[in-house]
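Chain by chain, the residues run as shown.
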Amino acid sequence: MTSNKPLSQLNIFSFSGIQMRTFHITWLTFFVCFFGWFGIAPLMPAIRADLGLTKPQVGNTIIAAVSATIFARLIIGKLCDTWGPRKTYTALLIVGALPVMLVGLAKDYTSFLLFRLAIGVIGASFVITQFHTSMMFAPNIKGTANAVAGGWGNLGGGITQLAMPLIMATIMGFGFVKADAWRLAMIVPGLMMLIMAWVYWKYTKDTPAGNYDEIEHTSTSKSTVSFWKACSDIRVWALAIAYACCFGMEITFDGVAALYFFDNFHMEETEAGFWAMLFGFMNIFARAVGGIVADKVGQRFGMRGKGILLASMLLLEGIGILLFAQAGNLTLAILSMLTFAMFLKMANGGTYAIVPFINPKAVGVISGVVGAGGNVGGMLMGFLFKSQSISYGQAFMYIGGIVAITGLLLFLVNFGKTVTLKQTETELQAA
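Note that this is a predicted model, so its numbers are computed, not measured. (Residues numbered from 1 in each chain as written. Predicted model: local features only at pLDDT ≥ 70, side-chain atom pairs only at ≥ 80, totals over all residues. Heavy atoms only, no water.)

Tell me about the overall build of the protein chain, residues and numbers included.
In terms of regular secondary structure, the protein chain is built from 18 helices and zero strands. For 431 residues, the compact-globule estimate of 2.2 N^0.38 gives 22 Å, and the protein chain sits close to it at 21 Å. For the C-alpha atoms alone, the extent of the protein chain along its principal axes is close to 60 × 45 × 40 Å. Looking at the protein chain residue by residue over its 431 residues, the buried ones come to 59%. For the protein chain, restricting intrachain contacts to residue pairs at least 6 apart in sequence, the fraction spanning at least 24 positions comes to 83%. Mean positive and mean negative side-chain charge positions of the protein chain (28 and 19 charges, respectively) differ by 8 Å. (Helix = DSSP H or I, 4+ residues; strand = E, 2+ residues; numbered from the N terminus. Rg over C-alpha atoms; globule rule 2.2 N^0.38 Å. Buried < 20%, exposed > 50% of the residue type's maximum accessible area, 1.4 Å probe, protein only. Contact = heavy atoms within 4.5 Å. Lys, Arg positive; Asp, Glu negative; His and termini not counted. Charge placed at Lys NZ, Arg CZ, Asp CG, Glu CD.)

Okay, structure coming up:
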C-alpha cells in the first residue's frame, strides 16, 4: 500500500513508493555529481605535469573548484523552494555535465582554472539532495534519511579517487599518452551526469503528494519565509560555521589527498588514489551514523542535545586532524586519517539532522546557506594549500586547531529554540 505522506521510517532495502524511489535516485544522483566534481582531483599529478602548474596555481584550482559552489548553493536553495527539487536537479545535472566533459580542452593554467570554476557549480547538488530527502520523510527520521543520502552521495568523492586513475590507465592501455588520457577520462563522469538527469526527471516527484505543478504549490508560495528572515536566526550561522569545519575539510581533503600521498610517500597515481579513496569510503556508514545518533539524542534530549553532539564531533575531528598532520609514516597517516574522517563525517550528518528543524518554512534557504558555509570553509582552507611558505602538513595543523576551537565554542550555542509551523504562520500574517 502506497502513501502520499512523508515516511516515518527508512527501509533502505525498499524501492516501493515514490518516497523510497526518490530517496535512492537522489543519493545515487548525488554520488554521480560528487564523482564528477572531484574526478579531476586524483588526476592532478598528471595534469600538473602536463600543464606545468606551480603549487600556488594548483592551490588556486582547488579554491576555484569549491568557491563557485558557494553562490550556486545559495541560488539552488531558493530554486528548490520555488521550482521544486525535480526541475532544479535536472537542470543542474545538464549544465554541470558540460564543463566536466569539456575540461579536457584546457591547454594552459587559465583555461583549466576557468573549467574548474565552472565544475564547482555541481557541488550545489548537495542542497537539492538534502531538501528532497527532507520532503520525503517525517521529522522523527529526517536526520537519519538526510545523513544516509548525504553519506552515500559523498561516497562518490571517494570512489572517484581510485576510479578515475584506473579509467585513465585503461585509456592509456589503448595507446593514448597520459596527456591525452586524463582529458578523455573526464568524459565518463559527464556522461554519467547526463544519464542521471534523464532518470531524475522521469522517475522522481517533488513531494510524496506529487510535483509542485500537480499540487499547485505555487499558489501557496507566499507562505514561504524570505531569505533574510530565515537567516536572521543566529543558529543558521552557527550551523554554517560548523559545516565549514566538517564538510569544508572534507572537500578540501578530497582535493589534496591524492597529491599529498603522491608527493609525501612517493607512489603512483593509482596507489595514491587508493589511499585517498579510503577517506571518502567512510561515507558509506559514518555520515549515516552521525544522523542516526543525532536522531536518537534528539528524541531524548531535544535540539540542545543535538547541538552538544555536534560540538563534540567537531572537537574530536580537530584533534584527529592534528594527529594526521604530525604522522611520520604511511601507517600512522592512514590510521589518523580514518579517525578524523569518522568524526568529520558524523559531524556532517549531525549538522543536517538539525537544519530541517531551524525553520520548517525555509528548509531550502537554510539548507543552501549552511551548505554554502561548507564551501566557504573549503575555499578558505584552500588558501593554506596554495602558499609557498606553508607545507601541506603545516596547513593540516592550522586547520585541526581551528576545527577543535570551533567545536569548543559550539558548546555555547543553544539549538533548543524551535520554530513551529504555527508560529511561522503567525509571524507571516503580522508582517
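How would you sum up the nonpolar core? Please name residues and give values.
Judged by nonpolar contacts, the single largest core of 136 residues is most densely connected at W37, F112 and F396. Per-element accounting of this core gives the leading share, 17 residues, to helix α11 (residues 234–264). Look past the residues within four positions of F112 in its chain and what remains in contact with it is I40, M44, I47, L51, L53, T61, V103, A106 and W182. (Core = buried A, V, L, I, M, F, W, Y, C linked by side-chain atoms within 4.5 Å.)

With reference to specific residues and values, describe the pattern of salt bridges.
With the rule as written, the count across this model stands at eight salt bridges. Among the ionic pairs, R48 bridges to D263, the shortest N-O distance being 3.2 Å. Of this pair, R48 sits in helix α2 (residues 44–51) while D263 is found in helix α11, placing the two residues 215 residues apart along the sequence. Where D295 meets K306, a salt bridge forms, and the shortest distance between an N and an O atom there is 3.8 Å. Judged by relative accessible area, which is 4%, D295 ranks as buried. Residue class for K306 comes out buried when judged on its relative accessible area of 6%. (Salt bridge = Lys/Arg side-chain N within 4 Å of Asp/Glu carboxyl O.)

Explain the packing of aromatic side chains to me, and be specific about the residues and the numbers.
Following the criterion strictly, the structure yields 33 aromatic pairs and no others. Considering the side-chain rings of Y260 and F324, the 5.4 Å spacing of their centres and the 45° angle between planes classify their relative orientation as tilted. Placement of Y260 in helix α11 and of F324 in helix α13 (residues 286–325) is noted, with a sequence separation of 64 residues between them. Look at Y260 and you get buried, because its relative accessible area is 3%. The class for F324 is buried, based on a relative accessible area of 0%. What links up through ring pairs into an aromatic cluster is the set F253, Y260, F261, F265, F279, F324, F340, F385, Y392 and F396. Across from the ring centre of Y203, 5.7 Å away, lies the NZ or CZ of K202, which sits over that ring. In this arrangement the basic side chain of K345 is found over the ring face of F279, its NZ or CZ atom lying 4.0 Å from the centre. (Phe/Tyr/Trp six-rings, centres within 6.5 Å; stacked < 30°, edge-to-face > 60°. Lys NZ or Arg CZ within 6 Å of the ring centre and 35° of its normal.)

Report on the environment of F261, specifying residues and quantitative values.
Here F261 lies in helix α11. For F261, a relative accessible area of 0% puts it in the buried group. As a C-alpha pair, F261 and F274 span 13 residues in sequence and 9.8 Å in three-dimensional space. Not counting the four nearest positions on each side in its chain, F261 is found in contact with H266, M267, A272, W275, A276, L330, I334 and M337.

A description of the side chain of T207 should follow, citing residues and the corresponding values.
Position of T207 among the secondary structure elements: in the loop between α9 (187–203) and α10 (227–230). Polar side-chain contacts of T207 include one of 2.7 Å to the backbone oxygen of G210. Excluding anything up to four places from it in sequence, T207 contacts M135, M136, Y212 and I215. (Polar contact = N/O pair within 3.5 Å; in protein donor to acceptor, adjacent residues only side chain to side chain.)

Got a sec to walk through the packing of α2 against helix α8 (residues 178–185)? Specific residues and values, please.
Closest axis-to-axis distance for the α2/α8 pair is 9 Å, and the angle between their directions is 125°. When the interaxial angle is binned, α2 and α8 end up oblique. When you trace α2 past α8, the crossing you get is left-handed. Contacts between α2 and α8 involve A46, I47, D50 and L51 from the former and K178, A179, W182 and R183 from the latter. Tallied by class, residues from the contact of α2 with α8 come to five nonpolar, no polar and three charged. (Axes fitted to C-alpha atoms, helices over the stretch in contact; angles between N-to-C directions. Parallel < 35°, antiparallel > 145°, perpendicular 65-115°, else oblique. Left-handed = near helix turned anticlockwise from the far one by under 90°. Nonpolar A, V, L, I, M, F, W, Y, C, P; charged D, E, K, R; others polar.)

Tell me what's going on with the side chain of D295, and back it up with residues and numbers.
Along the chain, D295 falls in helix α13. Of note is the side chain of D295, whose polar atom sits 2.7 Å from the side chain of T144.

If you had to explain the confidence of the model for the protein chain to someone new, which residues and values would you point to?
For the protein chain, per-residue confidence averages 89 on the pLDDT scale, and residues scoring 70 or more make up 94% of the total. Every residue in residues 418–431 scores below 50 in pLDDT, and together they form 18 contacts with partners more than four places removed in sequence or on other chains. (pLDDT = per-residue confidence, 0-100.)

Which residues make up the packing of helix α4 (residues 85–102) against helix α6 (residues 125–136), and what are the values?
When two helices pack together, their arrangement is given by the angle between the helix axes and the distance between those axes. Viewed as axis vectors pointing N to C, α4 and α6 meet at an angle of 155°, and their least axial separation amounts to 10 Å. The angle between the axes of α4 and α6 places the two elements in the roughly antiparallel class. Handedness of the crossing formed by α4 with α6: left-handed. Touching P85, T88, Y89 and L92 of α4 are S125, I128, T129, F131 and H132, all from α6. Each residue belonging to the contact of α4 with α6 can be placed in one class, and the counts come to five nonpolar, four polar and no charged.

Lay out a nonpolar patch on the surface with the relevant residues and their values.
Taken together, the side chains of I94, F174, F176, L184, I187, L191 and L194 present a nonpolar region at the surface, about 630 Å² in accessible area. Inspection of the secondary structure puts I187 in helix α9. Judged by relative accessible area, which is 32%, I187 ranks as partly exposed. (Patch = residues over 30% accessible without salt bridge, like charges linked within 9 Å, V, L, I, M, F, W, Y side chains within 5 Å. Areas by Shrake-Rupley, 256 points an atom, 1.4 Å probe, with all protein chains shown as cover.)

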